Amino acid sequence: SPDDFAKIQHPGHESEGTIHGHAFKEEFVGANSNPVLKGENSFPDYANYYLGNDPQHWASGVKIFSRVNYSEVYDGIDLAVYTKKNQQLEYDWIVNPNADASKIKIKYNGVEELRIANKELRIKTSVGDVIEEKPFAYQEINGFKKEVKCNFVLNHDEISFEFAEGYDKNFPLIIDPNIVFSSYTGSTADNWGYTATYDLQGNMYIGGYVNANYPTN
């Protein structure tokens, strides 16, 4: 919850209290349950995980990557998950030549509502909305990036993609939805939110201050 997060981050506020959250799961319907994973762009540091008292759940020296590729999530279709410099999470579907993009189906479990508004996907949770922009799809053909018109398709609790004007199946197709708002915000240092509101178009406005650069992309 943004309100709960603001309370615990506010200077001088006591840390006790209930923090409300909401988790949901995205299920790739009909996908390969054992895709091949490969990390890219590793960082020099690492992470250690010691969960509970069972050493079977411990791991040390875990490498950290800025990008992870999942090969063959669907037949001929890969998934890349990565972060940009502003720490924003993104993912790309990579549809290889002659693969069937209609196989990509994402089921959302544990959300309050799914809807498409202004060609964006709006995922309603108990603590706020997560919004995915209208997907941007493109192909690189003869050294040029060509945009492919692409939209979300909502069928009950499943999302897929449609390409009204088609695309050239002899070349890879990249589908790039962008998560633009969630129930968290922040800079790379201390930051506090003091007020928030929205307008009739669903845009969010937040006021506060930060002690370092604030991501604006």
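Conventions adopted
- Residues numbered from 1 in each chain as written.
- Predicted model: local features only at pLDDT ≥ 70, side-chain atom pairs only at ≥ 80, totals over all residues.
- Heavy atoms only, no water.
- Core = buried A, V, L, I, M, F, W, Y, C linked by side-chain atoms within 4.5 Å.
- Buried < 20%, exposed > 50% of the residue type's maximum accessible area, 1.4 Å probe, protein only.
- Helix = DSSP H or I, 4+ residues; strand = E, 2+ residues; numbered from the N terminus.
- Contact = heavy atoms within 4.5 Å.
- Pairing = 2+ DSSP bridges.
- Axes fitted to C-alpha atoms, helices over the stretch in contact; angles between N-to-C directions.

As a further point, take the nonpolar core. Formed by 25 residues in total, the largest nonpolar core has its most connected members in W93, V95, I104, F161, F163 and I175. Where this core is concerned, the elements lending two or more residues are β3 (58-74), β4 (77-83), β5 (89-95), β6 (106-109), β8 (120-125), β13 (158-162) and β14 (173-176). No other element matches β5, which puts three residues into this core. With near-sequence residues (within four places) excluded, V95 lies in contact with G76, I77, A101, I104, Y167, F171, P172, L173 and I175.

This part covers the pairing of strand β11 (residues 144-148). Across five bridges, strand β10 (residues 136-141) lies against β11 in antiparallel orientation. Bridging across to β11, Y138 finds its partner in E147.

A sheet is described by the order of its strands in space; here four strands give the open sequence β1-β6-β13-β12, paired in antiparallel fashion. The sheet is open, and its two edges are formed by β1 (25-28) and β12 (151-155), each paired on a single side. Across the sheet, the mean angle from the axis of one strand to that of its neighbour is 30°, orientation sign disregarded. The pairing of β1 with β6 spans four bridges and is antiparallel. Its bridge partner lying in β6, E27 is registered against K107.

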